[in-house]
Amino acid sequence: MDTPLIEIDDVSVFREQTQILREVSVRIPRKRHTAVLGPNGSGKSSLLKLLTRDFYPSVEKRGHQGTVRILGESEWEVSKLRRQMGIVTPALDYEFSFGRTGRMTVSEAVASGFTATRLKEFGPSVDHTMADAIDRAIETVQMSDLRHRTLDTLSTGERRRVMIARAIVHQPKIFVLDEPTNGLDMTARAMFLEILESITMQDAMTMVLVTHHLDEIPPAMNHVVLLDCGRIAFDGPKSEGLTATRISSLFRAHVDVDARADGWYRAEMDRG
Ligand SMILES: Nc1ncnc2c1ncn2[C@@H]1O[C@H](COP(=O)(O)OP(=O)(O)OP(=O)(O)O)[C@@H](O)[C@H]1O
């Protein structure tokens, strides 16, 4: 059997006396695109930070320390690990919006995904194969016309699409997105979701999407993890996780959930 891409085993994380993740265990095999859903402060970003090695499992009072294995390994040099993953976070988007990083062109920024670097001086020397991959990634996010523009001249929606191209240019096995539609208007969001949908359908990378919004989970993403106060409240098939009962309990509100025929979900708060 294939080694799972991600195995988190009995991990707790404490920060400043507060326990922000509680005995979390999650296993994500290849091709199991997974949405991590939960209310504000439930620990979604902290879970992703375990994957990117921004957070490590804490040692608990009884001496126990959980493990995080990525591609079968628990010891990773952070820079090497980042090259195995595509990552899109609001913080990264911000970093690419100004200063020397913001003055990179779309093509240069996408090329920097090969080395997981943030400045063109540290970027790769681009050979033919890489140039083709850069073109394909830029096409996937529908940015070919703007490829020579610098990032600081792009709208948030356009820059976010460039971040996707940068994250996938080297065809990583794992593609992680943290609330990627934050700050996008209706049209930019719809376009962004269409791009995510096309990437999940290719199945080349396994996507882990952190979101508050059920209606952002692409149809081909069939697995959900529900996080509640740092604990896993559910981990399983989307059709069983995204029920009105579970979602209402998670968000402490009456929520109607509609599984649509096209595979997308809609949720609406029942204010009655
Ligand atoms: N570095 C830190 N130091 C102290 N507390 C932290 C730290 N990082 C996160 N927390 C706390 O851990 C909890 C979970 O935070 P996290 O950002 O993972 O939640 P989230 O589900 O991603 O929230 P949101 O949806 O609002 O982004 C919050 O109560 C937060 O204040």
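Under an unreviewed UniProt entry, the name given to the protein chain is Putative ABC transporter ATP-binding protein YlmA, and the organism recorded is Stieleria maiorica.

1. A short note on the domain arrangement of the protein chain
When its domains are assigned, the protein chain resolves into domain 1 (1-71 + 175-180 + 205-271) and domain 2 (77-172). Distance between the C-alpha centres of domain 1 and domain 2: 26 Å. With eleven residues of domain 1 at the contact, the number on the domain 2 side is 14 residues. A total of four residues in the side of domain 1 that touches domain 2 trace back to one element, the largest contributor, which is strand β6 (residues 174-178). Split by residue class, the side of domain 1 that touches domain 2 holds seven nonpolar, one polar and three charged.

2. Describing the site of the ligand
The full set close to the ligand counts 13 residues, and R15, I20, N40, S45 and S46 are the nearest of them. When residues of the shell around the ligand are traced back to their parent elements, those giving at least two are β2 (18-28) and α1 (44-51). Here the shell around the ligand takes three residues from α1, the largest share from any one element. Classifying every residue of the shell around the ligand gives one nonpolar, nine polar and three charged.

3. Side note on unusual backbone geometry
Most peptide bonds take the trans form, and the phi angle of most residues other than glycine is negative. The phi dihedral of Q17 is positive, around 70°, even though this residue is not glycine. Structurally, Q17 can be placed in the loop between β1 (6-15) and β2. Phi is positive for Q142, close to 55°, though the residue is something other than glycine. Tracing the sequence through the fold places Q142 in the loop between α6 (128-140) and α7 (156-168).

4. Some details on the confidence of the model for the protein chain
When pLDDT is averaged across the protein chain, the result is 91; 97% of the residues are at 70 or more. Reported confidence for the predicted complex is 0.96 by ipTM and 0.92 by pTM.

Scoring rules and cut-offs
Residues numbered from 1 in each chain as written. Predicted model: local features only at pLDDT ≥ 70, side-chain atom pairs only at ≥ 80, totals over all residues. Domains from an automatic or database assignment. Contact = placed C-beta atoms within 7 Å. Helix = DSSP H or I, 4+ residues; strand = E, 2+ residues; numbered from the N terminus. Nonpolar A, V, L, I, M, F, W, Y, C, P; charged D, E, K, R; others polar. Near = placed C-beta within 6 Å. pLDDT = per-residue confidence, 0-100.

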